[in-house]
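Structural characterization, general
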Amino acid sequence: MGRRLLLTGLAALALALGGCAGQSDEHPAAVASGAAGADTASDQGAPMSDGAHAGLACARCHDGAAIARDIPAASDDACMDCHESGAARTVSLGAIPLEHENHAGDSATAAGCASCHTHARGDLELDVTTTGCALCHAASLDGSGADDCRLCHTDPAHVALTSQSVPLMHSDLPWIGGECVRCHYDVGRPETRVHGAVCVACHAAAEDVMERGAGRDLHPSHTGVACSSCHEDVSHRIVSMSTGVRLSCTQCHATVHDVPAGMDFEPATCNACHTDVHAAEQRLMLGAAPAGLAAAPSDKFLLGLTCRSCHVQTADGAATRTSCVSCHSPEYATVLGWWERGTAERTAQIAEYIATAFAFARSASGDSARAHAAAADSLLRFVRDGDAAHNLPLSHRALNEALTHAAAAWTAAGRTAPARPDIGRMPRMGQCTYCHYTWREPLFQQDMPDAFHRRVMRRGEGAAARIGTQ
């Protein structure tokens, strides 16, 4: 019978791996004396007293060479005597669905049931860990592939908080797709090498064994051996996060309260007193909009920029015009100013429009008018507090939505809404509106030659296609 790698979830293990029917009395302790590599008959021969393999002598499964001197290997043939069908065809390990029957049967790495189904010496039940999975799929665990993370994290539904305690619902971020590395910049890849000192646990002449095995795949000669017998437990973790998600206070503040800032000055330390600092900027950059507005992260964030990409190390850590030209051509030195002036003009008009809506909403019967006025105000503050430059397209949509809610507040209050202020066209990457946000200011074509504009628009259209903006 072909080799089959039995891999199943912890919760389903007892059901998937039942003991052989009628074998409780067929394998007395004396059988253990035939277990190769067993230190003592009593140690390896005593039958299990509980669980799915109750009454099954150790030697019934452990009939291979000793591993780590006192843990014999378990052959696939011994497993298949009982689990002839290879158990379930498909199983789940936690939330990860996978093919179970003949799993990795076509792989060049020889693997058996014991590679994943293991138990510590003296334990009664088999256990399954992700160490075996991670060692075989190590290349998929560093996030270098767009969909690698989704192989295991098929439906990340947990709630994460940024360093400034901004909620970030993974399940509500369809725009992120498989690009988990937009936030999780550096994910630790498992170490697959085996230290030579491990060999001496089983091989007395370890140096000779290593010399004979140099440059060879030693997996075929270690069938029935658990991955964890040779390999260390896998440490798969997030090493570093995007500064758009996790801010480090010391990157901008060299001293804190006249004390040199060191590693102890983490965001949580500072947030104990300085609450909500930079939270508004994070919300806007990550696209976590209020009042039901669809999430839409900053184009620059999706293209890989972080807070430190623009906020260079200055006395106050502020973004400067030179930050733009350090990556772009000198013509971009004026763009940030256009964004700031255009935003200031729009928010001033919208604030006045919302204020009049609030006045009538307060005196209106029912809650609808007040709810619309409050939603309009929250959208306006979302843009003002977060600084529109962090996410100009979403800021513009938020301002438009604020006007819509303000007009609805007028209507709910039984009034006719006045004409909405003109806030210009939507700023879109690859179009004039993305840079020229001060749409009422005169533009002088001679300042920006045609060739420059054509080049910029081609680049913008390409970037928009990569991040899926409309």
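Data block above holds the structure.
Residues numbered from 1 in each chain as written. Predicted model: local features only at pLDDT ≥ 70, side-chain atom pairs only at ≥ 80, totals over all residues. Heavy atoms only, no water.

Regarding the overall build of the chain
Note the threshold: Strands here mean DSSP runs of E at least two residues long; helices mean DSSP runs of H or I at least four residues long; both are numbered from the N terminus. Accessible area is worked out with a 1.4 Å probe on protein chains only. A residue is then buried under 20% of its type maximum, exposed over 50%, and partly exposed in between. For this analysis, residues touch if any pair of their heavy atoms sits within 4.5 Å. All accessible-area figures derive from a Shrake-Rupley calculation using a 1.4 Å probe, and residue coverage is judged against the displayed protein chains alone.
Scanning the chain from terminus to terminus reveals 17 helices and 12 strands. Buried residues in the chain amount to 38% of all 470 residues. Relative to all contacts within the chain whose residues are 6 or more apart in sequence, the contacts with residues 24 or more apart total 69%. Of the roughly 25,300 Å² of accessible surface on the chain, 55% is carried by carbon and sulfur atoms.

Here we look at the packing of aromatic side chains
Filter applied, for reference: Two aromatic rings from Phe, Tyr or Trp, using only the six-membered ring of Trp, form a pair when their centres are within 6.5 Å; if the ring planes differ by under 30 degrees the pair is stacked, by over 60 it is edge-to-face, and anything between is tilted.
Counting across every chain of the model gives 2 aromatic pairs. Geometrically, the ring pair formed by F360 and W410 is tilted, given 4.9 Å between the ring centres and 45° between the ring planes. You can see F360 sitting in helix α13 (residues 335–363) and its partner W410 sitting in helix α15 (residues 392–412), a full 50 residues away along the chain. When its relative accessible area of 10% is taken as the criterion, W410 is described as buried.

Overview of a nonpolar patch on the surface
Our working rule: Only residues whose relative accessible area exceeds 30% and that take part in no salt bridge are eligible for patches, with like-charged residues grouped when within 9 Å of each other and nonpolar side chains (Val, Leu, Ile, Met, Phe, Trp, Tyr) grouped when within 5 Å. Here, a salt bridge means any side-chain nitrogen of Lys or Arg that lies within 4 Å of a carboxyl oxygen of Asp or Glu.
On the surface, a cluster of nonpolar side chains totalling about 260 Å² of accessible area is made up of V159, L161 and M169. Summarising the element assignment, M169 is placed in strand β8 (residues 167–169). M169 sits in the partly exposed class, given a relative accessible area of 30%.

As for the packing of helix α9 (residues 279–286) against helix α14 (residues 368–386)
Put simply, the rule reads: Each axis is a line fitted through C-alpha atoms, and for a helix only the stretch in contact is used; angles between axes span 0 to 180 degrees, taken between their N-to-C directions. Each angle receives one of four descriptions, namely roughly parallel if under 35 degrees, roughly antiparallel if over 145, roughly perpendicular if within 65 to 115, and oblique otherwise. Residue polarity is assigned by list, with Asp, Glu, Lys and Arg as charged and Ala, Val, Leu, Ile, Met, Phe, Trp, Tyr, Cys and Pro as nonpolar; anything else, Gly included, falls into the polar class.
One way to put it is that α9 packs onto α14 with a least axis distance of 8 Å and a crossing angle of 105°. Comparing the axis directions of α9 and α14 gives the class roughly perpendicular. Along the contact surface, α9 presents A280, E281, R283 and L284, while α14 presents F382, V383, D385 and G386. In the contact of α9 with α14, the residues fall into 4 nonpolar, 1 polar and 3 charged.

A look at the pattern of salt bridges
Pairs may arise between side chains of opposite charge once their charged atoms sit close together. Scanning all chains against the criterion turns up 5 salt bridges. One salt bridge in this structure joins D276 and R283, with 3.8 Å as the shortest N-O distance. Judged by its relative accessible area of 26%, R283 is partly exposed. Among the salt bridges present, the one from R381 reaches D377, with a minimum N-O distance of 2.9 Å. Within this pair, R381 and its partner D377 are both found in helix α14, separated by 4 residues, close to a single helical turn.

Some thoughts on empty space enclosed by the protein
Selection criterion: We place a 1 Å grid over just the protein atoms. Points where a 1.4 Å probe fits but has no way out form a cavity, open points with protein on both sides within 12 Å along at least 5 of 7 lines form a pocket, and any residue with an atom within 4 Å of a point lines it. Grid points are joined across faces, edges and corners, and a volume is the space filled by probe spheres set on the points.
Summed over all chains, the structure comprises 1 cavity of 30 Å³ or more. The space that makes up the largest cavity amounts to roughly 40 Å³. S298, D299, K300, W339, A389, H390, N391, L392, P393 and Y434 are the residues that line the largest cavity. When residues of the lining of the largest cavity are traced back to their parent elements, those giving at least two are α10 (299–302) and α15. For the lining of the largest cavity, the per-class residue count stands at 5 nonpolar, 3 polar and 2 charged.

Considerations on the side chain of H390
Residue position: H390 is located in the loop between α14 and α15. Non-local contacts of H390, meaning those with residues more than four positions away in its chain, are made with E281, L284, M285, S298 and H311.

Quick notes on α14
The test is simple: A helix is expected to span 1.5 Å for every residue after the first.
Under the 1.5 Å per step criterion, the end-to-end length of α14 is 27 Å for 19 residues, consistent within 8% with the ideal 27 Å. Those residues of α14 that fall on the buried side of the exposure criterion are A369, A373, A375, A376, S378, L379, L380, F382, V383 and G386. Close packing links the buried residues of α14 with α9, α13 and α15. Just beyond α14, the residue with positive phi is D387, at close to 70°.

Things to note about the side chain of T347
Quick note on the threshold: Here a polar contact means two N or O atoms within 3.5 Å. Within protein one must be a hydrogen donor candidate and the other an acceptor candidate, and residues neighboring in sequence count only if both atoms are side-chain atoms.
Counting through the fold element by element, T347 comes out in helix α13. One polar contact links the side chain of T347 to the main-chain carbonyl oxygen of A344, over a distance of 3.2 Å. Not counting chain neighbours up to four residues away, the residues in contact with T347 comprise L380, V383, R384 and L399.

Examining the environment of A88
Counting through the fold element by element, A88 comes out in the loop between α4 (76–82) and β3 (90–93). On the basis of relative accessible area, A88 is assigned to the partly exposed category, the value being 32%. Considering only alpha carbons, one finds A88 and E101, 13 residues apart in sequence, at a separation of 6.5 Å.

Observations regarding the pairing of β3
Which entries qualify depends on this criterion: At least two DSSP bridges between two strands are required for those strands to pair.
Of the two faces of β3, the one holding V91 and L93 is buried and the one holding T90 and S92 is not buried anywhere. Relative to strand β4 (residues 96–99), β3 runs antiparallel, the two being bridged by 4 bridges. Bridging from a neighbouring strand, S92 pairs with P97 of β4.

Details of the nonpolar core
In plain terms, the rule: Working definition of a nonpolar core: buried Ala, Val, Leu, Ile, Met, Phe, Trp, Tyr and Cys residues. They are joined through side-chain atoms within 4.5 Å.
W339, I350, I354, F382 and L394 are the most contacted members of the largest nonpolar core, which has 39 residues in total. Those elements that provide at least two residues to this core are α13, α14, α15 and α16 (432–435). The element contributing the most residues to this core is α15, with 10 residues. The residues contacting F382, other than those within four sequence positions of it, are R283, L284, A288, A289, P290, L394 and A398.

A few points about the state of the cysteines
Just so we agree on the cut-off: For this text, the term disulfide refers to a pair of cysteine sulfurs within 2.5 Å.
Taken as a whole and judged by the stated rule, the model has 0 disulfides. Free of any disulfide, C270 has its nearest cysteine sulfur in C249, 3.4 Å distant.

Comments concerning unusual backbone geometry
The phi dihedral of S165 falls on the positive side, at around 65°, and the residue is not glycine. Counting through the fold element by element, S165 comes out in the loop between β7 (159–161) and β8. Although it is not a glycine, H278 adopts a positive phi angle of roughly 65°. Of note, H278 is situated in the loop between α8 (267–271) and α9.

Re α9
Of all 8 residues in α9, 6 are buried; the element is thus mostly enclosed. Of the positions making up α9, those classed as buried are A279, A280, Q282, L284, M285 and L286. Structurally, α9 contributes buried residues whose contacts are with β8, α10, α11 (307–310), α14 and α15. Downstream of α9 by one or two residues, G287 has phi in the positive range, about 80°.

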